[in-house]
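# A structural walkthrough
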Amino acid sequence: MQKIKKGDEVIVIAGRDKGRRGVVLTVLVKENKLLVEGINTVKKHVKANPNAGDRGGIIIKTLPIHRSNVMLYDQASGKGRRVWIKTMNDGKSVRCFTSTNEVVDV
C-alpha cells in the first residue's frame with residue numbers, strides 16, 4: 001500500500017512551490033514522483049507543426065514532483081502530516097496520521 005494515492009490532497013514542503021496545496025493527478029511509481037494539479041508548472045515554447053495540425057506558442061505544462069517533497073494534507077489541523085500503514089484486525093490495511101492515529105481512508 002502506498003502512503004500517497006491518486007486523488008489525495010497534498011501540501012508541498014520543499015521547493016519553489018513550498019506551502020501550496022494540490023490534488024494528486026497521477027502517481028509515477030517507478031520514478032517515485034507525483035503529478036500534482038497546479039504544482040511545478042513550467043512554460044514551454046512549442047514549435048508549430050502544420051502537418052499534425054499543431055499551433056505554435058507557449059503552453060503551461062505540469063511536471064512531476066518527487067514524493068519526498070510533499071506531505072498528505074490534514075483538513076482538521078490545516079497542516080501536512082506524516083502517514084503510516086496500520087493493519088486492522090480483519091487483515092485490511094489503512095493509512096493513519098502518525099500524530100493523531102486518525103484513519104485517512106474512510
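The coordinates are above.
Residues numbered from 1 in each chain as written. Predicted model: local features only at pLDDT ≥ 70, side-chain atom pairs only at ≥ 80, totals over all residues. Heavy atoms only, no water.

Attention shifts here to the overall build of the chain. Broken down by element type, the chain carries zero helices and ten strands. Reading the chain from its N terminus to its C terminus gives the helix and strand order β-β-β-β-β-β-β-β-β-β. Taken over C-alpha atoms, the radius of gyration comes to 18 Å for the chain, far larger than the 13 Å a tight globule of 106 residues would show. Taken along the three principal axes of its C-alpha coordinates, the chain extends 60 × 30 × 20 Å. By the burial criterion, 22% of the 106 residues in the chain qualify as buried. In the chain, 38% of the contacts between residues at least 6 apart in sequence involve partners at least 24 apart. Working note: accessible area of the chain is about 7,400 Å², and carbon and sulfur atoms make up 49% of it. Looking at the chain, you have 21 positive and 10 negative side-chain charges, and the mean spots of the two groups are 7 Å apart. (Helix = DSSP H or I, 4+ residues; strand = E, 2+ residues; numbered from the N terminus. Rg over C-alpha atoms; globule rule 2.2 N^0.38 Å. Buried < 20%, exposed > 50% of the residue type's maximum accessible area, 1.4 Å probe, protein only. Contact = heavy atoms within 4.5 Å. Areas by Shrake-Rupley, 256 points an atom, 1.4 Å probe, with all protein chains shown as cover. Lys, Arg positive; Asp, Glu negative; His and termini not counted. Charge placed at Lys NZ, Arg CZ, Asp CG, Glu CD.)

Strand order in the open sheet formed by six strands is β6-β3-β2-β1-β7-β8, and the pairing between neighbours is antiparallel. Both outer strands of the open sheet, β6 (65-66) and β8 (79-81), are each paired with one neighbouring strand and no more. Note that strand β7 (residues 70-74) and β8 share three bridges and pair antiparallel. Bridged to Y73 within β8 is G80. (Pairing = 2+ DSSP bridges.)

Once that is clear, we can look at the side chain of R95. By secondary structure assignment, the location of R95 is in strand β10 (residues 93-97). Among the polar contacts made by the side chain of R95, one reaches the side chain of D8 at a distance of 2.6 Å. (Polar contact = N/O pair within 3.5 Å; in protein donor to acceptor, adjacent residues only side chain to side chain.)

For the rest of this paragraph, the subject is the packing of aromatic side chains. By the definition in use, this model includes zero aromatic pairs. Above the face of the Y73 ring, R21 is positioned so that its terminal group lies 4.3 Å from the ring centre. (Phe/Tyr/Trp six-rings, centres within 6.5 Å; stacked < 30°, edge-to-face > 60°. Lys NZ or Arg CZ within 6 Å of the ring centre and 35° of its normal.)

Right, let's get into the environment of K6. On the secondary structure map, K6 appears in the segment before β1 (9-12). Its relative accessible area of 65% is what places K6 among the exposed residues. Once you skip the residues sitting within four places of it in the chain, K6 turns out to touch V24, L25 and V27.

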